[in-house]
Amino acid sequence: MAIPIESSPPPGWDREGIDGLLGLFPPGRLSEIVGPRSSGGSSLLLALIARITTSDSGGGSGGGGQVAFVDGMDALDPASAASAGVDLSALLWVKCGGRLRTALSAADLLARCPGFSLIVLDLDELGPIPASAQMRLQRAVEGGDTALVVRSARHREGSPASLVVATRRLAPRWMGLRPLTRLAGLRTEVSIARSRLHTLSCLGRGQGEESWTLDWTL
Amino acid sequence: MTRIACVLTTTGAATEPSAQSALLEVALAHSPRVEDAGAGRLYLDASGLQGLFGDEPRLAARLHRAAAAAGWPARVGIAGSRLAALAAAHMGPGATVVEPDGDAAYLAVAPLSLLDLSEELTARLSRWGLRTLGELVSLPTAGLFERLGGEGVWLQRLARGDDPRPLASWKPALLFEESAECEWGAETLAPVVERLGELAARVCERLGERGLAADGFEWVCRLDGARVHDGALAPAVPMTDGAAVAGLLRLALEARPPRGIVRALTLRARPVRITATQESLTDRSRPSPRLLAATLNRLVALVGADGIGAPALLDSHRPDAVGLGAYAPPLSFSPPSPLRGDRILALRRLRPPAPAAVTLASGRPVALRSSRLAGRIVAGVGPWRSSGEWWSQHPWLQDEWDVELADGTLCRLAHDGSAWHLAGIYD
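Okay, so let's go over this structure. (Residues numbered from 1 in each chain as written. Chains lettered and ligands numbered in written order. Predicted model: local features only at pLDDT ≥ 70, side-chain atom pairs only at ≥ 80, totals over all residues.)

Right, let's talk about the overall build of chain A for a bit. Across its full length, chain A carries five helices and eight strands. Listed N to C, the secondary structure of chain A is α-β-α-β-α-β-α-β-α-β-β-β-β in terms of helices and strands. Counting the 218 residues in chain A, one finds 50% classified as buried. For chain A, contacts bridging at least 24 residues in sequence account for 75% of all contacts bridging at least 6. (Helix = DSSP H or I, 4+ residues; strand = E, 2+ residues; numbered from the N terminus. Buried ≥ 20, exposed ≤ 12 C-beta atoms within 10 Å, placed from the backbone. Contact = placed C-beta atoms within 7 Å.)

Spelled out as C-alpha cells, the structure:
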C-alpha cells in the first residue's frame, strides 16, 4: 500500500496551479478526465505524462517513471507529446485501432504488471466504459504504485473512480486582428467533478473552489 | 622460454571458414592457448607441452598428422616467435622446428612477403632492393626510423625474431542449445510445451552458470514427413529465468502452433552478458523484466507487433512522421532530465485522416462536413503550406488550416492538392 508522504515541494512548484492539480492523481487508484472535444483533456493528460516521465518535480521522487498509454483511437500525436516534455523512450504506446474491448484488455494486462507509474486509457469517444470494467481496473491497480487515468468524453454514473476531473472549453486564443494569422492556444477550465481524496484541503482550496483556469499554447 | 607453433594450410583452403574452424579445433586439442590469425593460419603456444606430446619435433609431426586427418593438410613450424614459426611452416617440408635462439638466423633468408606489408610499403622496400628479412635487419635502425618511422623499427624487430606480443587467445563460441526427442510423437501442444519448458530450464541453467542471459531464443520442431516448424522469440529484456522463458515459449507456440506430429525439439539461446547494476533508492519503480516480457508478448498477441512500442519521431517534415521503436525501460538508474515542456495544446490525430467535404468562400474554408465532425467554420487560419521528398518516389504536399467550428471545436484540416481531410482535433 502506497503511503503518501507530505514533503516540501521543490522550488518553482506551483502548488495552487497546474502542479497542484497534477499532484492530485493518486497512485493505486482509478481517476478519470472527462470533457468534450477541444476542452483540454488531452493536453492535461500530456502534462501529467510529462511530469511523470521526465522530471523529479513531482515532490521529491527521483528518476523518470514509466508510462503505458493505451490508445483506443490511435490518436496520440508523439510530436505534441515531445513538445509537452514527455520522454518518449519512457512511454509504452499501445494502439488499439478503435476497438474498445481490445483497449480494455490491454489496460487490464498492463494494470497487472506492477512497475508502471502511470497507465493511461485514452478512449475519447469510445467511452465511457462499463462500470464492471472500471471496477476490474480499479481492483487491478489497488494497493500498488500505479496511477490509472481514463480519458473519455463523458462520465458514467456509478464509476468507482476516486477522482473525476472535468475539463471545459473557455475560448481559443488567436493571434492577429482580422484576418487572423495564427492559432495561439486554448483557454480551458478544469474542475473536480468528484473526489474521494483528502488532498484538496492541502491545496488551500475549499468546497466550490476546486477549479483551475489553464492556458494551453500551440 | 616462449615457443610458438604455426599451422598453415597448404591448399587453397585459406578462405574456407570450415577449414579454419577445423584447424582451430585441432590446435585447441594440443594447446590451451591458440590465436586465430585468419586466412588459413593460426598460432598456438607450444611451451611446456613436452610432458604431453614429447619433444618439439614430435609435437610438430603430431600437429601435421592431425590436420591431415581433419581433412585439411597443413604445414607446421615451431620457433621462438610468430614470424619464425610462420617462416618455418612456409619454407619447411611439412613439420619444421627452429632451434631455440635460432630465429634470427632462420629468418635471415626468409622472404619479406611474410611480414604482411601493405602494397605501398612492399613497393617501397622493393625499390630499395630488399628481398629478404635479413636484408631488412642489416639496415641501420636510425635511418630506417627516419624513412619509415616507428613502423620500420617494429618491422626490423619482427624480422630479428623479437616479438613480445602475447598470443591473443581464441575461444570457441559458446553454444547454448538443447534438444529432445518425443519418442511417441506429440500430437497436441501440451507435451510440446512441456518438453520445451524442460529445454528452457536446462539452457537457462547453463546460462546462469556462466553469468550470462539470453536476448533471443530459437526453436525448431521436427515434424512427421521431414517437415520443420521453427520460430524465434526476442524477450523485451535478457532473461535467465527458465520458468519465464517457458511461459513466453508457450504463448508463442499457442499463437502459431506446429501443424503435425512433433518428433523432436531443439531450443537455442543467444547469449549476452548483462552488467549488474544497483537500483537507486529514490528512483521510481520499473516493471520487472520477467513480468514485462510476458505482458508485452500478450499485448503483441492482442494488438499485433506493429501496434505496440515506444513512439519515435522520424527525421522528416512529413505530417505525422512517427514510428514505433522497441520499448525497453532502462535497467539502470539514470538521472531525470529537467521538465522542459510547457503547457502545450495537444493535437489528437485521426489515423488515417478522415476524408472531408469543405466549402470555400473567397478561398477560405467556411463549412466542414466529415464522418467525425460537421459544422460551420467561424474562424480559421491558413494555409500553412509544406512539401517534401519531391526527389523520392513518395513526394508529399499539404496545405493545413487551423479552424474553429461553430460548436467551439478546434481542428486541423489538410488539403493534399486533390482532396480535403480532417487531420486532427485540438484538445
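There is more to say after this.
Turning our attention to the pairing of strand β2 (residues 34–38) of chain B. Residue and element names in this part refer to chain B. Relative to strand β3 (residues 41–45), β2 runs antiparallel, the two sharing four bridges. Residue pairing for β3: Glu 35 is matched across the bridge by Tyr 43. Hairpin connection, β2 to β3: the antiparallel pair is bridged by two residues, and Ala 39 has positive phi, about 50°. (Pairing = 2+ DSSP bridges.)

Moving on to the sheet that holds strand β12 (residues 347–361) of chain B. All names here are of chain B. Taking strand neighbours around the barrel as the criterion, the six strands line up as β12-β13-β14-β15-β16-β17 in a closed arrangement whose pairing is antiparallel. Taking the axes of each pair of neighbouring strands and ignoring which way they run, one obtains an average angle of 45° across the sheet. Here strand β15 (residues 396–405) runs beside strand β16 (residues 410–415); their pairing, made up of six bridges, is antiparallel. Note that in β16 the partner of Glu 400 across the bridge is Ala 414. (Axes fitted to C-alpha atoms, helices over the stretch in contact; angles between N-to-C directions.)

With that out of the way, let us pick up the packing of helix α4 (residues 100–111) of chain A against helix α5 (residues 131–141) of chain A. To describe two helices that pack against each other, one gives the angle between their axes and the distance between the axes. All names here are of chain A. Two numbers describe how α4 lies on α5: the axes approach to 9 Å, and their chain directions differ by 20°. On the basis of the axis angle, α4 is roughly parallel to α5. The two elements α4 and α5 cross, and the hand of that crossing is left-handed. Here α4 contributes Leu 104, Ala 107, Asp 108 and Ala 111 to the contact with α5, which in turn contributes Ala 133, Arg 136, Leu 137, Ala 140 and Val 141. Its residues assigned to classes, the contact of α4 with α5 shows seven nonpolar, no polar and two charged. (Parallel < 35°, antiparallel > 145°, perpendicular 65-115°, else oblique. Left-handed = near helix turned anticlockwise from the far one by under 90°. Nonpolar A, V, L, I, M, F, W, Y, C, P; charged D, E, K, R; others polar.)

Counting residues in each nonpolar core, the largest one holds 115 residues, and the members touching the most others are Ile49(A), Val70(A), Val94(A), Ile119(A) and Leu413(B). Of all the elements, helix α2 (residues 41–54) of chain A adds the most residues to this core, at eight residues. Two domains each put at least three residues into this core: domain 2 (177–272) and domain 3 (347–426) of chain B. Sequence-distant contacts of Ile119(A), that is, excluding residues within four places in its chain, are made with Ala68(A), Val70(A), Ala107(A), Leu110(A), Ala111(A), Thr146(A) and Leu148(A). (Core = buried A, V, L, I, M, F, W, Y, C linked by C-beta atoms within 7 Å. Domains from an automatic or database assignment.)

Turning our attention to α5(A). All names here are of chain A. Here α5 has its buried residues at Gln 134, Leu 137, Gln 138, Ala 140 and Val 141. Buried residues in α5, looked at end-on, bunch into an arc of 160°, giving them a common side. Those residues of α5 that are exposed and aimed more than 90 degrees away from the buried face are Ser 132 and Arg 139. Downstream of α5 by a residue or two, Gly 143 has a phi angle that is positive, lying close to 85°. (Arc of directions from axis to C-beta.)

Any functional reading would require information that these geometric values do not contain.
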